[in-house]
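Residue-level structure breakdown
Given next are the chains, with one letter for each unit.
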Amino acid sequence: MSFAIAPALAAMLRAARNVLVLTGAGVSAESGVPTFRDAQTGLWAQFDPLELATPRAFARNPRLVWDWYAWRRELLATVAPNAGHHALVAIERRVPRFLLATQNVDGLHAAAGSRALVELHGNLARVICSREHTLVSTWAEPADGMPPRCACGAWLRPDVVWFEENLPPQALAEAQRAAEECDLMLVAGTAAEVYPAAALPLAARRAGACVVEINPQPTPLSGDMDFVLRAPSGVALPALVAAAWP
Ligand code: OAD
């Protein structure tokens with residue numbers, strides 16, 4: 001599938017000195033990773049986030065939460081980066097200053113080769129102590145029907161950010177600084193409903209950047225964008241690279 005890119009946008013990306021990219025679950029959809037909010041196929045259409053993605057849910061039912069993330073982690077063993085992930089690597093190689101801030105916990109940007117990467121919502125490959133939040137080990141099997149424990153006695157948990165929790169402060173600060181300083185921002189595959197990540201595009205726009213949405217569906221941000229590419233990121237991002245650097 002080919003997709004037409006406005007020449008003005010291609011020229012702007014070619015000239016950009018400082019690019020920030022924000023990605024969400026949609027960027028991994030074409031790799032076969034389910035999104036959260038898409039009707040029918042999104043995880044939150046089938047599962048209740050309050051039962052699975054909050055500290056209280058984990059305290060109430062640690063095994064259920066552990067098993068749900070273990071299932072999602074197992075799904076990742078069978079997937080690979082798609083053309084959208086690879087296109088972002090190509091942009092990083094061509095732009096003097098670049099940062100990719102992702103809300104995804106699937107590790108696919110790193111697997112594609114992205115280097116300047118901050119993971120705002122953690123990474124499903126890692127496990128931390130639920131009490132001290134220290135990185136403990138890789139995943140282990142549950143014992144006696146419960147999640148494995150840290151040496152301190154607390155349950156281990158996936159290193160992902162749950163609702164009601166703060167984002168990793170350094171990752172967030174880096175993304176916020178890039179939003180203030182970039183001249184072009186790409187916002188790909190996010191419903192833009194979860195804060196503070198969803199505030200980054202508007203911060204960039206207020207600071208004078210050109211902001212571009214890549215999403216087959218409208219989002220609350222769409223009306224404030226300078227350009228909107230209504231296509232899957234696996235199509236639109238490679239088209240953008242090809243148009244900027246023919
Ligand atoms: P969502 O599932 O909320 O949104 C996915 C977005 O991707 C939607 O706007 C879709 O239209 C779009 N989309 C679907 N397929 C696409 C494709 N092929 N190319 C481009 N876009 C596509 O995912 P996020 O916005 O990432 O947090 O969700 C943000 C956070 O909410 C997640 O990190 C997660 C979730 O609850 C936690 O678990 C704490």
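Residues numbered from 1 in each chain as written. Predicted model: local features only at pLDDT ≥ 70, side-chain atom pairs only at ≥ 80, totals over all residues. Heavy atoms only, no water.

1. Remarks on the environment of alanine 242
Where we set the bar: Put simply, DSSP H or I for four residues or longer makes a helix, DSSP E for two residues or longer makes a strand, and each gets a number counted from the N terminus. Burial classification: accessible surface area is computed with a 1.4 Å probe over protein chains only, and a residue below 20% of its type maximum counts as buried, one above 50% as exposed, and the rest as partly exposed.
Following the sequence through the fold, alanine 242 ends up in helix 11 (residues 233-244). Taking relative accessible area as the criterion, alanine 242 reaches 46% and is therefore assigned partly exposed. Distance in space between the C-alpha atoms of alanine 242 and aspartate 38 is 29 Å, their sequence separation being 204 residues.

2. Focus: the pattern of salt bridges
Let me state the cut-off plainly: A side-chain nitrogen of Lys or Arg and a carboxyl oxygen of Asp or Glu constitute a salt bridge if their distance falls within 4 Å.
Under the definition given, this model contains 10 salt bridges. Note that arginine 126 and glutamate 119 form a salt bridge whose closest N and O atoms lie 3.7 Å from each other. Classification of arginine 126 by relative accessible area gives partly exposed; the value is 29%. Each of Arg97, Arg177 and Glu181 takes part in one network of salt bridges that share partners.

3. Topic: the site of the ligand
Stated formally: What makes a residue near a molecule or strand is one non-hydrogen atom of that residue sitting within 4 Å of it. We call two N or O atoms a polar contact when they sit within 3.5 Å, provided that within protein one can donate a hydrogen and the other can accept it, with sequence-adjacent residues counted only if both atoms are side-chain atoms. Note on areas: Shrake-Rupley, 1.4 Å probe, and residue coverage restricted to the protein chains presented here. Ten residue types, Ala, Val, Leu, Ile, Met, Phe, Trp, Tyr, Cys and Pro, are classed as nonpolar, four, Asp, Glu, Lys and Arg, as charged, and the remainder, Gly among them, as polar.
The local shell around the ligand holds 23 residues, among which Phe36, Arg37, His121, Thr190 and Asn215 are the closest. Alanine 25 has a polar backbone atom sitting 2.8 Å from an oxygen atom of the ligand. Glycine 26 has a polar backbone atom sitting 3.4 Å from a nitrogen atom of the ligand. The protein chains hide 93% of the 790 Å² of surface that the ligand would expose on its own. Taken together, the residues that form the shell around the ligand break down as 10 nonpolar, 10 polar and three charged.

4. Some words on the side chain of arginine 157
Defined as follows: Contacts: residue pairs with any heavy atoms within 4.5 Å of one another.
Among the structural elements, arginine 157 can be located in strand 6 (residues 156-160). Note on arginine 157: relative accessible area 3%, which makes it buried. With residues near it in sequence (within four places) discarded, arginine 157 still touches Phe58, Trp66, Arg126, Val127, Ile128, Cys129, Ser130, His133, Trp162 and Glu165.

5. Concerning the domain arrangement of the protein
Let me state the cut-off plainly: In this document the domain limits rely on a domain assignment from an automatic tool or a database.
Segmentation of the protein into domains returns domain 1 (7-33 + 81-121 + 167-244) and domain 2 (42-77 + 129-160). The C-alpha centroid of domain 2 is placed 28 Å from the C-alpha centroid of domain 1. Listed per partner, the contact involves four residues of domain 1 and four residues of domain 2. Inspection of the domain 1/domain 2 interface yields zero salt bridges. For the pair domain 1 and domain 2, the interface holds zero residue pairs in polar contact (both at pLDDT 80 or more). Each residue belonging to the side of domain 1 that touches domain 2 can be placed in one class, and the counts come to two nonpolar, one polar and one charged.

6. Section: the nonpolar core
Quick note on the threshold: The nonpolar core is taken to be a set of buried Ala, Val, Leu, Ile, Met, Phe, Trp, Tyr and Cys residues, with the residues joined through side-chain atoms within 4.5 Å.
Ile91 and Leu186 are the most contacted members of the largest nonpolar core, which has 30 residues in total. Taken together, the elements giving at least two residues each to this core come down to helix 1 (7-15), strand 1 (18-23), helix 7 (83-94), strand 2 (97-102), strand 7 (184-188), strand 8 (210-214) and helix 11. For this core, the element with the most residues is helix 11, which contributes six residues. The residues contacting isoleucine 91, other than those within four sequence positions of it, are Leu13, Phe98, Leu186, Val241 and Trp245. Counting 25 residues, the second largest nonpolar core, distinct from the first, contains Leu22, Ala179, Leu200 and Ala209.

7. Topic: the pairing of strand 7
Residues in a regular strand project their side chains so that they alternate between the two faces of the sheet. Just so we agree on the cut-off: Pairing between two strands requires that DSSP report at least two bridges joining them. Crossovers are marked right-handed if the path from the first strand over the helix to the second runs clockwise, as seen with the strands pointing away from the viewer.
The buried count for strand 7 comes to five of five residues, which makes it a mostly enclosed element. Taking every second residue as pointing to the same face, both faces of strand 7 are buried, with Leu184, Leu186 and Ala188 on one and Met185 and Val187 on the other. Of the pairings in the sheet, the one linking strand 7 to strand 8 comprises five bridges and is parallel in character. Residue pairing across strands places leucine 184 opposite cysteine 210, the latter belonging to strand 8. You can see the chain leave strand 7, run along helix 10 (residues 200-206) and come back into strand 8, and the turn it takes is right-handed.

8. Overview of the sheet that holds strand 3 (residues 117-119)
The test is simple: With axes taken as lines fitted to C-alpha atoms, and helix axes fitted only over the stretch in contact, angles between N-to-C directions fall between 0 and 180 degrees.
Read from one edge of the open sheet, six strands run 3-2-1-7-8-9, paired in parallel fashion. Every other strand in the sheet has two partners, leaving strand 3 and strand 9 (227-229) as the edge strands with one partner each. Along the sheet, successive strands turn relative to each other by an average axial angle of 15°, direction set aside.

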